[in-house]
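The residues making up each chain are set out below.
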Amino acid sequence: MTQLTLTKSSPSLWRVSINNPPVNLVGARFIIELRAILEAAESDPDLAVVLFESADPEYFIAHWDLADDGSALAGQPPLLEGMSPFTDVLIRLSKLPALTVSAIRGRVRGAGSEFVLATDIRFASLERAVLGQFEITAGVIPGGGAVARLPRLVGRGRALEILAGGEDFDGALAERYGYVNRAVPDAEFDAFIDEFVRRVSGFSVSAIRELKREVDPRTLPKEDELATQANLFLAALATPEVQEWARQAFENGLQKDGPFEENLAEYSARFAPKR
């Protein structure tokens, strides 16, 4: 694997480190590697907890790789009917029998935010986490599940504020809104995460799986909701207005380590389509 590194800390605890320089983008290779990890996790009867973290303290996952043509996905196993590859893998992630935890330090926006929303628990560095769904500034709605998952977490009004405002949320505000479970001071973050995942991974695996089986149908969105949103996103990407936004964004530093990605909500909005 080139973008995800799996470390089996114990039979019941796996750690997955995300490392795709320069800013940890999500694309076809990420999906392939994540799918392989999920397939292994689904078939492991001893696994209780999977922790996702980033090797880059500035970026957990920046967003979708708009330069990726998806060709690496050719010949991959079939998807859930009507699903895009990214939606498919996030559904599998959300339904994994083991508990999934995101340790968010750095920026996580767009598809990155949708990735952490598909995990069961999200912890954020109080000082260093930045979360957001910036897609509205590009003239599209999120296509990887944020529209379905956020209202269930934060309520209708706050979900619309996050999605329609397209702004960044720091750790403290994300915690207050329910976007993340808890924001932890960065100096304490690693120790807190380690203590939590080790504690939970020491409990009964069967009890954790039973717990998820009962919670999932009461909280997860229906798959047809996710398919509809993915199709709207993909259709919008092909429009001239969004293509022009992308052109200007790339010219000004999109997907490069620098001011544009650091301040994505602000910089992206400068080229926002009006239709």
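## Side note on the overall build of the protein chain
Moving on, step 1. Per the secondary structure count, the protein chain includes 12 helices and eight strands.
Moving on, step 2. Taken over the C-alpha trace, the protein chain has a radius of gyration of 18 Å; the compact-globule value for 275 residues is 19 Å, and the two agree within 12%.
Moving on, step 3. Split into buried and exposed, the 275 residues of the protein chain put 52% on the buried side.
Moving on, step 4. Sequence separation of 24 or more characterises 75% of the internal contacts of the protein chain that already satisfy a separation of 6 or more.
Moving on, step 5. Here the protein chain carries 29 positive and 40 negative side-chain charges, and the mean point of each set is 3 Å from the other.

## Regarding the pattern of salt bridges
Moving on, step 1. Taken as a whole, this structure holds 16 salt bridges when the rule is applied.
Moving on, step 2. One salt bridge connects Asp120 with Lys212, and the closest N-O pair in it is separated by 2.8 Å. Of this pair, Asp120 sits in the loop between helix H3 (111-118) and strand S6 (121-132) while Lys212 sits in helix H8 (residues 205-219); the two residues are 92 residues apart in sequence, bridging distant segments of the chain.
Moving on, step 3. Judged by relative accessible area, Asp120 falls into the partly exposed class, the value being 22%.
Moving on, step 4. For Lys212, a relative accessible area of 6% corresponds to the buried category.
Moving on, step 5. A salt bridge links Glu225 to Arg152; the nearest nitrogen and oxygen atoms lie 2.9 Å apart. Of this pair, Glu225 sits in helix H9 (residues 223-237) while Arg152 is found in helix H4 (residues 146-154), placing the two residues 73 residues apart along the sequence.
Moving on, step 6. For Glu225, a relative accessible area of 24% corresponds to the partly exposed category.

## Digging into unusual backbone geometry
Moving on, step 1. In this structure, the amide linkage connecting Pro21 to the following residue, Pro22, adopts the cis form with an omega of 10°.
Moving on, step 2. Of note in the backbone geometry, Gln255 takes a positive phi value of approximately 70° without being a glycine.
Moving on, step 3. Relative to the elements of secondary structure, Gln255 occurs in the loop between helix H10 (240-251) and helix H11 (259-262).
Moving on, step 4. For Gln255, a relative accessible area of 10% gives the class buried.

## Observations concerning the nonpolar core
One broad trend across soluble globular proteins is that nonpolar side chains are buried collectively.
Moving on, step 1. One finds Phe60, Ile104, Phe115 and Leu150 to be the most contacted residues of the largest nonpolar core, which totals 46 residues.
Moving on, step 2. Here this core takes eight residues from helix H1 (residues 28-42), the largest share from any one element.

## Some points on the pairing of strand S2 (residues 13-18)
Moving on, step 1. Counted residue by residue, S2 has six buried out of six residues, so it is predominantly covered.
Moving on, step 2. Here S2 shows a buried face lined by Leu13, Arg15 and Ser17 and a second buried face lined by Trp14, Val16 and Ile18.
Moving on, step 3. Pairing geometry for strand S1 (residues 4-10) and S2, over six bridges, is antiparallel. Looking at the pairing, Thr7 lines up with Arg15 of S2.
Moving on, step 4. Hairpin remark: S1 followed by S2, antiparallel, with two residues in the connecting loop.
Moving on, step 5. Relative to strand S3 (residues 49-54), S2 runs parallel, the two sharing six bridges. Among the inter-strand pairings, Val16 is bridged to a residue of S3, identified as Phe52.
Moving on, step 6. In this fold, the crossover linking S2 to S3 by way of H1 has right-handed handedness.

Basis of the calculations
Residues numbered from 1 in each chain as written. Predicted model: local features only at pLDDT ≥ 70, side-chain atom pairs only at ≥ 80, totals over all residues. Heavy atoms only, no water. Helix = DSSP H or I, 4+ residues; strand = E, 2+ residues; numbered from the N terminus. Rg over C-alpha atoms; globule rule 2.2 N^0.38 Å. Buried < 20%, exposed > 50% of the residue type's maximum accessible area, 1.4 Å probe, protein only. Contact = heavy atoms within 4.5 Å. Lys, Arg positive; Asp, Glu negative; His and termini not counted. Charge placed at Lys NZ, Arg CZ, Asp CG, Glu CD. Salt bridge = Lys/Arg side-chain N within 4 Å of Asp/Glu carboxyl O. Core = buried A, V, L, I, M, F, W, Y, C linked by side-chain atoms within 4.5 Å. Pairing = 2+ DSSP bridges. Right-handed = clockwise from strand over helix to strand, strands pointing away.

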